[in-house]
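Secondary and tertiary structure notes
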Amino acid sequence: MAAAEAKELQQLPLVLGDKKYDNVTRDIIAPVETFPKKLWWIAFSVALTVFGVHMTAIAVVVGTGLGLLGINNPVGWGTFIINFVFWIGIGHAGTLISAVLYVFRQQWRTAINRSAEAMTIFAVACAGIFPNIHVGRLWFIFWAMPYPNERGVLWPNFRSPLVWDVFAISTYLTISLVFWYAGLVPDFASIRDRIKESDAVQKIRKSVYSVLSLGWVGSTRAWAHYEAMAMILAGLSFPLVLSVHSIVSFDFATSVIPGWHTTIFPPYFVIGAIFSGFGMVLTLLIIMREVFHFQDYITIKHLENMAKVTMLTGSLVGLAYSTEFFMAWYSGSPFEGFAFINRMFGPYWWAYWIMVSCNVITPQLFWFKSIRTNPTLLWIISIFVNIGMWFERYVIVVTSLHRDYLPSSWDMYIMTNWDFAILIGSFGMFFTLFLLFVRVFPAIAIAEIKMVMKSPGAKGFGH
Amino acid sequence: MKFDPATYKITDGGKFGRIMLVTGLIGLALAAVGFAVDREHFFFAYLTAFTFWVTIALGALFFVMLQHLTSSTWSVVIRRIVESLTAPLPWLFLLFIPLLFGLHQLYEWSHADVVAADAVLKAKSGFLNPTFFTIRAVVYFAVWCGLAHFLYHASVAQDSGHREEHRKRMRTLSAPGMIIFVITTTFAGWDWLMSLDPHWYSTIFGVYFFSGGLWAILATIVIVVALLQRRGVLTKEITVEHYHDLGKLLFGFTIFWTYIGFSQYFLQWYANIPEETKWYLNRWVGSWKAVSMVILWGHFVLPFGILIFRGVKRSPRLLMIMAVYCVVMHWVDHYWMAFPTLNKDGVHFSWIEIAATVGIGGIFVWAFWTKFISRAVIPVADPHLNESINFRNM
Amino acid sequence: MSARTQVYGMIAEFESPGALLSAAEKMRDAGYTTFDCHSPFPIHGMDTAMGLKRSIVGYVAGICGLAGGSFGLALQWWTSVVDYPLVISGKPFFSYQAFVPVTFALTVLCAAIGVVIAMLVTNGLPRLFHGWFYSSRFTRFSNDGFFVSVEVGDKRYDPVKTKAFLESIGGTHVEVVQGE
């Protein structure tokens with residue numbers, strides 16, 4: 001039995017290659033310590049340019065007015081809301097990986113949680129922009145916060161889902177940041193302790209990382225409090241991550257619009273968010289592991305596990321689609337029935353079928369081990385997942401609105417160039433932030449990776 | 001009853017099984033008296049008892065598949081217990097048959113004349129009709145019994161010496177198994193409980209049906225483990241760490257159940273569409289309001305407030321008390337889902353509910369127990385067994 | 001070195017997490033109280049090896065969460081019922097159902113901020129200075145070094161005996177840390 005156990009443990013190493021702790025530190029910190037190469041600069045300048053387009057387009061739209069966009073009556077919610085939900089959804093994988101997989105003791109999360117959390121924060125930041133500009137008058141956005149004010153007795157309407165969003169998203173962003181930063185503290189100390197103060201640049205780096213690492217000395221007393229904190233933060237983030245996209249789904253589901261008002265929306269949005277989040281994590285990490293030579297840390301096994309989560313959540317999303325369809329028929333409500341037939345065969349049939357084929361059909365390819373262990377194919381499929389999930393929100397927002405209860409107010413929704421500029425621009429913002437991240441912060445949690453390593457000669461430690 | 005710690009086998013355990021079988025049969029006989037007394041009340045009582053026990057067995061099935069899919073190691077010591085808890089499923093199928101004779105008492109849509117006069121029911125009659133209802137139930141049970149059977153046998157095959165293919169088989173069964181399980185359970189929830197009120201609909205109802213079962217199975221595992229340990233079974237293998245973990249899961253799924261229940265209630269309350277809110281309005285009249293409050297406070301607030309404490313989760317005695325309480329609450333939840341359709345003015349609790357629950361329960365426990373003692377009580381050859389025994393929480 | 005040189009304590013290096021764990025047990029049994037272990041990652045079982053109590057940060061989280069949630073609910077009640085009652089979609093002023101999301105968000109927010117602050121306070125973070133930074137060897141704690149440190153304030157601290165003891169339990173590169 002012991003032999004079988006040993007054999008099995010050898011089959012599943014989370015870190016490949018015969019690595020010592022020192023190798024781990026060096027490998028992971030390498031991108032932070034070296035000057036970026038040409039490839040990074042090209043990618044960064046492209047991303048920054050697109051980010052610039054984003055900001056310019058937003059400035060023009062805010063300055064001119066929302067009339068520049070494709071929204072109309074009855075389609076009052078357009079790309080801004082679609083992008084908002086899309087990015088918030090992507091921003092679920094990080095917390096899911098770091099909190100939910102932590103609570104369920106999935107050790108493979110240690111290699112991917114850092115970059116997934118970073119991705120979460122950047123995605124939520126991208127998402128956060130949209131409701132602010134969607135209101136049209138950006139300069140009054142602080143009215144959403146409850147504070148005693150000079151406008152008389154005026155408070156936000158706490159019975160409005162949009163106000164819940166303000167609280168949910170800002171809480172989520174704060175806690176994700178705190179969780180991420182707390183995890184970074186020991187790793188900042190690792191960077192700090194490797195810096196030789198040889199010149200002015202290194203001196204500056206030393207002081208920056210000294211401040212960031214908060215004077216961490218890795219003491220057991222500190223680790224004890226630290227681990228208790230991590231467990232509690234994970235426990236708090238678990239319901240939080242469920243609540244955030246549920247509250248986003250309330251924006252739709254509390255209404256009486258056919259196709260929006262359905263009780264499965266909260267868990268269905270959460271599952272979709274996990275699905276899209278893992279899709280984006282795959283997109284980013286497959287590139288990152290190649291460029292930074294992290295193949296020994298983010299192994300095929302990690303990719304395969306992520307593919308499995310993607311497959312499971314994709315299938316569940318498919319089940320949710322079918323549930324909605326079935327219930328639309330079962331409800332006996334002609335409006336509900338029409339809304340769903342219209343999604344499938346109405347003027348936006350193409351969006352619907354893109355959604356179904358990318359989200360439900362493509363992930364089924366992951367049933368084949370040869371596909372889910374092939375990084376190139378995985379990457380291609382992850383792109384389809386990203387596309388599909390954007391279209392899911394497009395279908396939800398547009399198809400339900402463009403056919404009103406009154407046929408006289410029916411209309412079509414056509415995106416303008418400004419819509420496209422801001423949609424594409426938000427990717428520029430996202431990638432700019434992510435490219436900066438991988439050069440300044442350790443992209444893999446060094447301390448956590450060391451915990452799950454099997455070190456030779458060490459007994460009675462780790463898991 | 002004797003337990004051999006070397007082979008992990010229980011011998012001479014048949015007596016308990018026989019007692020349970022007799023208890024079950026007596027319960028069912030009493031319920032049959034209830035059938036003679038008040039036919040409608042009997043069928044609702046029987047449905048409540050049936051869905052209550054079925055969801056526990058389904059929770060067990062889900063739990064087993066989840067552990068295989070996530071390659072959990074901590075749960076290996078309790079795996080055989082949970083696998084055996086799926087054993088009552090074929091018997092529950094047998095116990096489902098009486099419900100087919102009560103369709104007219106239970107389900108409005110089974111009356112052809114009512115359907116003919118109601119446009120909405122007429123539109124759904126392709127789905128809600130006795131024939132299709134029966135076919136679907138057969139399909140559900142075929143799927144569940146099949147999954148339970150194959151998972152159990154793949155697991156006991158491992159006992160005579162672990163080979164990698166054993167684990168592989170359990171895992172490859174679990175992945176598609178999970179998906180068809182979700183589909184069948186969702187539809188079962190709609191069929192058996194949601195269609196009691198055929199005009200009402202809620203897309204999340206299947207998830208609600210399932211989440212309660214998952215909650216109840218965790219409590220059931222705690223009860224079984226605690227009772228076994230009192231009789232000296234697995235006292236060394238299952239430690240306070242396992243109780244702690246089960247307690248954490250029970251706590252977590254208290255929140256999950258609340259999340260699902262709240263989503264359903266909240267969205268229907270907020271949108272305030274008459275055909276949806278009436279389901280909750282029915283549970284808001286007379287003494288039903290009190291039961292609704294019991295669900296809110298007893299199914300969520302109390303277990304949440306108690307299970308949050310580490311000390312409770314690490315005390316087998318306290319956790320067992322909580323587990324019994326949770327199972328009772330799970331029953332109340334099913335009572336609350338089924339009975340307002342019959343007793344529109346308020347609660348009319350009777351002994352028939354108890355008789356039916358004990359009746360099906362006796363058969364359930366008997367089926368579990370005979371399966372459980374037929375093999376080693378833990379997967380003796382699982383390569384993760386040692387790891388599981390020595391498992392420690394952080 | 002100036003006259004104001006100060007001795008902070010003594011550090012010793014150990015080979016592996018396992019060696020550190022048994023060293024911690026021996027330190028505890030020898031009666032040292034203000035000693036600490038330093039490792040690149042948390043080592044399980046260290047808290048019992050060192051004889052530490054459970055962290056209190058959980059209780060702080062609980063109290064902060066309760067406070068945050070109560071504040072959230074009170075805020076919504078007061079603004080919607082007392083200060084600015086307005087009928088919205090025919091719902092009662094005190095629509096507690098609709099107040100759940102914000103109450104929940106504030107509970108989690110306050111609990112999380114509370115637990116992080118509690119962690120920082122209990123660990124004395126942030127600090128810009130620590131005596132052990134004077135040891136250049138000590139910097140390896142964040143890479144692959146496992147250290148035991150004894151502060152000069154420990155009642156059993158003795159420049160000779162402690163050094164000998166640390167070496168007897170397997171410590172290498174025992175060093176008295178001092179600086180300005």
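Keep in mind it's a predicted model, so treat the numbers as computed, not measured. (Residues numbered from 1 in each chain as written. Chains lettered and ligands numbered in written order. Predicted model: local features only at pLDDT ≥ 70, side-chain atom pairs only at ≥ 80, totals over all residues. Heavy atoms only, no water.)

All names here are of chain A. Taken as a whole, this structure holds seven cavities of 30 Å³ or more when the rule is applied. Quantified by volume, the largest cavity comes out at close to 410 Å³. Looking at the largest cavity, it is lined by 29 residues, and the ones nearest its centre are Tyr-102, Arg-109, Ala-230, Glu-448 and Met-451. When residues of the lining of the largest cavity are traced back to their parent elements, those giving at least two are α5 (93-103), α6 (113-134), α7 (161-194), α9 (220-253) and α17 (446-452). Ranked by residues supplied to the lining of the largest cavity, first place goes to α7 with six residues. (1 Å grid on protein atoms, 1.4 Å probe; cavity = no way out; pocket = protein on both sides within 12 Å on 5 of 7 lines; lining within 4 Å. Points joined across faces, edges and corners; volume = space filled by probe spheres on them. Helix = DSSP H or I, 4+ residues; strand = E, 2+ residues; numbered from the N terminus.)

Moving on: the interface of chain A and chain C. On the side of chain C, 67 residues touch chain A, which itself brings 56 residues to the contact. Counting the surface lost from both chain A and chain C, the interface buries some 5300 Å², and carbon and sulfur atoms represent 71% of this. Three residues stand out in chain A for area buried against chain C, namely Arg-159, Val-217 and Arg-221 of chain A, and they jointly supply 15% of the buried area on that side. At the boundary of chain A with chain C, the tally comes to one salt bridge. The partner of Arg-221 of chain A in a salt bridge is Asp-36 of chain C, and the shortest N-O contact between them spans 3.5 Å. Scanning the region where chain A abuts chain C turns up 22 residue pairs in polar contact (both at pLDDT 80 or more). Counting only elements with at least two residues in the side of chain A that touches chain C, the list comes to α2 (21-33), α7, α9 and α17 of chain A. The element that contributes the greatest number of residues to the side of chain A that touches chain C is α9 of chain A, accounting for 18 residues. Broken down by class, the residue content of the side of chain A that touches chain C amounts to 33 nonpolar, 15 polar and eight charged. (Contact = heavy atoms within 4.5 Å. Buried area = accessible area lost by both parts, 1.4 Å probe. Salt bridge = Lys/Arg side-chain N within 4 Å of Asp/Glu carboxyl O. Polar contact = N/O pair within 3.5 Å; in protein donor to acceptor, adjacent residues only side chain to side chain. Nonpolar A, V, L, I, M, F, W, Y, C, P; charged D, E, K, R; others polar.)

Attention now goes to the pattern of salt bridges. Residues and elements named next belong to chain B. The full count for this structure, using the stated rule, is 26 salt bridges over all chains. Salt-bridge contacts for Asp-191 lead to Arg-136; the nearest nitrogen and oxygen are separated by 2.6 Å. Within this pair, whereas Asp-191 is found in helix α9 (residues 164-192), its partner Arg-136 is found in helix α8 (residues 130-158), the two being separated by 55 residues in sequence. With respect to burial, Asp-191 and Arg-136 carry one shared label: buried. With a shortest N-O distance of 3.5 Å, Arg-163 and Glu-165 are connected by a salt bridge. Classification of Arg-163 by relative accessible area gives partly exposed; the value is 46%. The network of salt bridges with shared partners includes Arg-79, Arg-80, Glu-83, Asp-159 and Asp-382. (Buried < 20%, exposed > 50% of the residue type's maximum accessible area, 1.4 Å probe, protein only.)

Moving on to the domain arrangement of chain C. Assigned domains within chain C: domain 1 (6-53 + 132-179) and domain 2 (57-122). The C-alpha-based centres of domain 1 of chain C and domain 2 of chain C are spaced at 44 Å. (Domains from an automatic or database assignment.)

Topologically, Ser-55 of chain C is positioned in the loop between α2 (46-50) and α3 (57-83). A polar contact is formed between the side chain of Ser-55 of chain C and the backbone nitrogen of Val-57 of chain C, at a distance of 3.3 Å. Contact partners of Ser-55 of chain C, with chain neighbours within four places excluded, come to Ala-224, His-225 and Ala-228 of chain A.

Residues Leu-281 and Trp-284 of chain B together with Leu-73, Trp-77, Trp-78, Val-82, Val-87, Phe-93, Phe-94 and Tyr-96 of chain C make up a contiguous nonpolar surface patch of roughly 930 Å² in combined accessible area. Among the elements that take part in the nonpolar patch, α3 of chain C stands out by supplying four residues, more than any other. By the element assignment, Val-87 of chain C lies in the loop between α3 and α4 (96-122). The exposed category is assigned to Val-87 of chain C, whose relative accessible area is 60%. (Patch = residues over 30% accessible without salt bridge, like charges linked within 9 Å, V, L, I, M, F, W, Y side chains within 5 Å. Areas by Shrake-Rupley, 256 points an atom, 1.4 Å probe, with all protein chains shown as cover.)

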